[in-house]
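Notes for the structure review
Chain residues, written in single-letter form:
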Amino acid sequence: MKTLFLEAPYEKKIKLDSKLIDYLKNNKFQRLGLFASIQFMDQLEQVKELLKDFTLITTKVPRTMHESQLLGCNTYALNVEEVDCYLYIGDGNFHPLALVLGQKDNKELKEVICNDPRGEMKILTVAGIKTSLKKYRGSLMKFFTSKNIGVIITIKPGQEQFRPSLALENKYPDKKFYYFIDNNISFNQLENFPFIDTWVNTACPRIGFDDQEMFRRGVINLTDAMIAEKLLTQESYLNQG
Amino acid sequence: MYKLELEKALEKIKEVNAKTVCIQLPDGMKPRANEIEEAIKKDTGAKVLIWLGSNFGACDIPLGLDRLGVDLLISWGHVKFCKTEGWP
């Protein structure tokens, strides 16, 4: 079977909020980490022209096809050079929240400014995800002391991470790992396995953050499970509580 | 608000001579599934199956379509996903 991806580009012209330039200047934001979701990539050159007074830092982050493209799963290793703030071109909160989550292990969080293509800007604050980050830290601590770990593996080819998840056994020889297979994670099935103390998510990393509420026994992402001790002891926004 | 790029879809169907096509849409575009189905059927005669489930990203491709004889999957709203083993 062949597959064709159609990007569904935004059909109107992207507008910048009339307040955006002043806001950036007033806050002395000169170096902007520029990102957009795929629907807006084809107009990014025109956007750059409108922002020519600023230094635009663009990068190609993991799993993407294009420089400046942002995926919702880009919550790790943004590796963006020093920026004063992030500027996201696109709609909704799902994608730009990745830019907030991607900074959880930094000491300070850079502001994430979203410019909706219709020309409305908003600042994404960490307030909305503070509770989930707090729970996430709690789950990291619980994982550390848990004996029985449920590792969730999706069969989606783009997400499946069975082999990398096996590294957990070497890292934590005193824990017992059980492997669970699913397509979309069946949250309502989790309680049927009461012997699991903490879950490790190997599917989309956003599940570990956005769906904390669905895991009564707590969930952490595979990447964080591998470096749990470091995450809990380093100076970071996550550890500021 | 977003372009359907139907001409690209129709061109690809003809190029690979697909007889059965599955269309996968993000939630915001699902109400336009009938429009896409009709256009494909009229222009190419291909049978269209509409994926009911999720379309979280290019990482989220429906499984088992081969067993139904689907020749081509057209997935809207995403671009090819460069999977990496483990994260990040």
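What counts, and where the lines are drawn
- Residues numbered from 1 in each chain as written.
- Chains lettered and ligands numbered in written order.
- Predicted model: local features only at pLDDT ≥ 70, side-chain atom pairs only at ≥ 80, totals over all residues.
- Heavy atoms only, no water.
- Helix = DSSP H or I, 4+ residues; strand = E, 2+ residues; numbered from the N terminus.
- Rg over C-alpha atoms; globule rule 2.2 N^0.38 Å.
- Buried < 20%, exposed > 50% of the residue type's maximum accessible area, 1.4 Å probe, protein only.
- Contact = heavy atoms within 4.5 Å.
- Areas by Shrake-Rupley, 256 points an atom, 1.4 Å probe, with all protein chains shown as cover.
- Lys, Arg positive; Asp, Glu negative; His and termini not counted.
- Charge placed at Lys NZ, Arg CZ, Asp CG, Glu CD.
- Polar contact = N/O pair within 3.5 Å; in protein donor to acceptor, adjacent residues only side chain to side chain.
- Phe/Tyr/Trp six-rings, centres within 6.5 Å; stacked < 30°, edge-to-face > 60°.
- Lys NZ or Arg CZ within 6 Å of the ring centre and 35° of its normal.

Considering the overall build of chain A
Helices and strands together make up the secondary structure of chain A, namely nine helices and 10 strands. For 241 residues, the compact-globule formula gives about 18 Å, and the C-alpha radius of gyration of chain A, at 20 Å, lands near that figure. Considering only C-alpha atoms, chain A reaches an extent of 55 × 50 × 30 Å along its principal axes. Across the 241 residues of chain A, 51% fall into the buried class. For chain A, the proportion of contacts with a sequence separation of at least 24, taken over those separated by at least 6, is 73%. Counting every atom, chain A has about 11,300 Å² of accessible surface; 50% of that belongs to carbon and sulfur. Here chain A contributes 32 positive and 30 negative side-chain charges, whose respective centroids are spaced 3 Å apart.

Some words on the side chain of Gln39 of chain A
In this fold, Gln39 of chain A is placed in the loop between strand E2 (31-36) and helix H2 (44-50). On the accessibility criterion, Gln39 of chain A (13% relative accessible area) is buried. A distance of 3.1 Å separates a polar atom in the side chain of Gln39 of chain A from the backbone oxygen of Glu7 of chain A. The residues contacting Gln39 of chain A, other than those within four sequence positions of it, are Glu7, Ala8, Pro9 and Tyr10 of chain A together with Tyr2, Gly77 and His78 of chain B.

Here we look at the packing of aromatic side chains
All names here are of chain A. This structure, assessed with the given rule, holds 14 aromatic pairs over all chains. Measuring from ring centre to ring centre gives 5.5 Å for Phe187 and Phe215, while their planes differ by 85°; the resulting arrangement is edge-to-face. With Phe187 in the loop between strand E8 (176-182) and strand E9 (198-201) and Phe215 in the loop between helix H7 (205-210) and strand E10 (219-221), this pair connects stretches of sequence that are 28 residues apart. Its relative accessible area of 23% is what places Phe187 among the partly exposed residues. Ring centres 6.2 Å apart and planes at 90° place the aromatic pair Phe193 and Phe195 in the edge-to-face group. For Phe193, a relative accessible area of 27% puts it in the partly exposed group. Members of the aromatic cluster, connected to one another through ring pairs, are Tyr178, Phe180, Phe193, Phe195 and Trp199. Lys175 extends its terminal NZ or CZ atom over the ring of Phe143, reaching a point 5.1 Å from the ring centre. The cationic tip of Lys176 hangs over the ring face of Tyr178; the distance from NZ or CZ to the ring centre is 4.9 Å.

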